[in-house]
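A structural walkthrough
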2 protein chains.
Amino acid sequence: MNSTLVNRALKHAEALCRRRGVRLTEQRKIVLRLLCVSDKPISAYELLDRMRGVVKNPAPPTVYRALDFLLEQGLVHKLESLHAYVGCTHPDHPHASQFLICDDCGEVTEVEDAGLAKSLKTAGKAIGFRTKRPIVEVLGTCAQCNAKRDE
Amino acid sequence: MNSTLVNRALKHAEALCRRRGVRLTEQRKIVLRLLCVSDKPISAYELLDRMRGVVKNPAPPTVYRALDFLLEQGLVHKLESLHAYVGCTHPDHPHASQFLICDDCGEVTEVEDAGLAKSLKTAGKAIGFRTKRPIVEVLGTCAQCNAKRDE
DNA sequence: ACCTCGGATGTTATATTGTTACATTGGCAA
DNA sequence: TTGCCAATGTAACAATATAACATCCGAGGT
Ligand SMILES: [Zn+2]
Ligand SMILES: [Zn+2]
Ligand SMILES: [Zn+2]
Ligand SMILES: [Zn+2]
């Protein structure tokens, strides 16, 4: 994400938190910014490294707490299969999104296929299962890497 | 899984491995059995503990190697969101299944919704993404726990 | 301005999950 | 038998995540 978009995203996040009566503190904003400027997912300990210099003496709880908050607010997502985190590309509204993860270049695309989410929910309901958080992470190769491979 | 079903599953796995020309060794069979007898997912280190007494001096690589083999052969699945493993309920054929995970009682149900898998693949293809391994883990509550909650 | 209370942060230690590296063993076939 | 390669043994370590407790800080009430 370029810096203009990042700033816009941060402004947006601030407004969102203000409306909700929660505090987007400096550290939380720093972690959110780090995730937004990156076009790839970042692990908690990588975030920790990148916080050095901006924050005095960050420890694991520092970053995990910020992540917990941002996850709760839907501003970032965790990629379970990678143990890594990404900024949400459309935090405006609550959503159940899916992730396409390129295991070649590492790029991650967040898509929001409402139909898919719905059919997933329906499939569960058929056996009495009440869906809370559907996790969908598709591992494969992105268009760009496929093109490169096929040259 | 009751012991009759477990034995059947193990026989089945042996036949499968023989056909494929791979070796279902004693340790691998032990891990597979442990996963099959359990109705809940088991973590690697929990498996390690349960191997003591059956295996002399198991260490982490012992269990991770067995798991790697079983995962490759499609005899078990890893639940990324739980860092735990389950025996496959229908290893006969290659498949992309989904998991319904009850965060109340811990029960996991493996379902195989081919339509869902297909629409997932199609959604990726629309943007040039080539799917290798779709991960679908739905967190929520199972029918039994819902009933209990609603009493 | 002062107090107070709860949320946010600092700090240290520890738990949990997974891997690397290298030595040793064991089945299988030339 | 010999040689080879997969499987296992063993020790150390890396990566991810949480627990526990002290301290700080800021919004709201007095
Ligand atoms: Zn999102
Ligand atoms: Zn790629
Ligand atoms: Zn399966
Ligand atoms: Zn349940």
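Residues numbered from 1 in each chain as written. Chains lettered and ligands numbered in written order. Predicted model: local features only at pLDDT ≥ 70, side-chain atom pairs only at ≥ 80, totals over all residues. Heavy atoms only, no water.

1. Quick word on the interface of chain B and chain A
By convention, interface size is frequently given as the accessible area that disappears when the constituent parts associate. Operational definition: Residue contacts are counted whenever heavy atoms from the two residues lie within 4.5 Å of one another. When two parts are put together, the accessible area they lose, computed with a 1.4 Å probe and summed over both, is reported as buried area. What makes a salt bridge here is a side-chain nitrogen of Lys or Arg within 4 Å of a carboxyl oxygen of Asp or Glu, nothing more.
On the chain A side, the residues contacting the 33 residues of chain B number 33 residues. The contact between chain B and chain A buries some 2800 Å² in all, and 62% of this surface belongs to carbon and sulfur atoms. A per-residue breakdown of the area chain B buries against chain A is headed by Phe129(B), Arg130(B) and Ile135(B), which together make up 21% of the total. In this assembly, chain B and chain A are joined by two salt bridges.

2. A closer look at the protein's contact with DNA strand C
As a reminder, the rule being used: The rule for a residue being near a molecule or strand is that one of its heavy atoms must lie within 4 Å of it. Two N or O atoms form a polar contact when they lie within 3.5 Å of each other; inside protein one atom must be a possible hydrogen donor and the other a possible acceptor, and for residues adjacent in sequence the pair counts only when both atoms belong to side chains. Numbering of helices and strands runs from the N terminus, with a helix taken as a DSSP run of H or I at least four residues long and a strand as a DSSP run of E at least two residues long. Amino acid classes used here: Ala, Val, Leu, Ile, Met, Phe, Trp, Tyr, Cys and Pro are nonpolar; Asp, Glu, Lys and Arg are charged; the rest, including Gly, are polar.
Around DNA strand C, the structure places 18 residues, and the nearest of them are Thr25(A), Lys56(A), Arg65(A), Tyr45(B) and Lys78(B). Atoms of DNA strand C within 4 Å of the protein belong to the sugar or the phosphate in 47% of instances, the rest to bases. The side chain of Arg65(B) places a nitrogen or oxygen atom 3.4 Å from a base nitrogen of DNA strand C. Within the side chain of Tyr85(B), an N or O atom sits 3.4 Å from a phosphate oxygen of DNA strand C. Breaking the surface near DNA strand C down by element, the ones donating at least two residues are helix H2 (26-37) and helix H4 (60-72) of chain A together with helix H4 (60-72) of chain B. Broken down by element, the surface near DNA strand C gets its largest block of residues, four residues, from H4(B). Among the residues forming the surface near DNA strand C, the class breakdown is seven nonpolar, five polar and six charged.

3. Description of the protein's contact with DNA strand D
Neighbouring DNA strand D are 19 residues, the closest being Tyr45(A), Lys78(A), Thr25(B), Lys56(B) and Arg65(B). Among the atoms of DNA strand D lying within 4 Å of the protein, the sugar-phosphate backbone contributes 48%. Interatomic distance of 3.0 Å between a side-chain N/O atom of Tyr64(A) and a phosphate oxygen of DNA strand D. Arg65(B) is positioned with one of its side-chain polar atoms (N or O) 2.5 Å from a base oxygen of DNA strand D. Mapped onto the surface near DNA strand D, the elements with two or more residues apiece are H4 of chain A together with helix H2 (26-37) and H4 of chain B. Looking at which element gives the most residues to the surface near DNA strand D, the answer is H4(A), with four residues. Residues that form the surface near DNA strand D fall into these classes: seven nonpolar, five polar and seven charged.

4. What about the coordination of the zinc ion (ligand 3)?
Residue and element names in this part refer to chain B. For the record, the criterion: Here the term donor refers to an N, O or S atom within 2.8 Å of the metal (or 3.2 Å for Na, K and Ca), and because water is left out of the atoms, sites may appear incomplete. Key to geometry: four donors with every angle between 85 and 135 degrees are tetrahedral; four donors are square planar and six octahedral where opposite donors lie over 155 degrees apart and all remaining angles lie between 65 and 115; all other sites are irregular.
Protein-derived coordination of the zinc ion (ligand 3) comes from His77 (NE2), Cys88 (SG), His95 (NE2) and Glu110 (OE), at a distance range of 1.9 to 2.2 Å. In this structure, the zinc ion (ligand 3) is surrounded by four donor atoms whose angles at the metal cover 98 to 135 degrees, and the resulting shape is tetrahedral. In the primary structure, the donors to the zinc ion (ligand 3) are separated according to the pattern H-x10-C-x6-H-x14-E. Taken as a pair, His77 in strand E1 (residues 76-79) and Glu110 in strand E4 (residues 108-111) lie far apart in primary sequence, 33 residues in all.

5. Focus: the coordination of the zinc ion (ligand 4)
Residues and elements named next belong to chain B. The test is simple: For every residue, the accessible area (1.4 Å probe, protein chains only) is compared with the maximum for its type, and the residue is labelled buried under 20%, exposed over 50%, or partly exposed between those bounds.
Coordination of the zinc ion (ligand 4) by the protein involves Cys102 (SG), Cys105 (SG), Cys142 (SG) and Cys145 (SG), with metal-donor separations of 2.3 Å. Note that the zinc ion (ligand 4) binds four donor atoms; their angles at the metal cover 106 to 114 degrees, and the shape is tetrahedral. In terms of primary sequence, the donors binding the zinc ion (ligand 4) are separated according to C-x2-C-x36-C-x2-C. The class for Cys142 is buried, based on a relative accessible area of 7%. Looking at Cys145, the relative accessible area reads 5%, which means it is buried.

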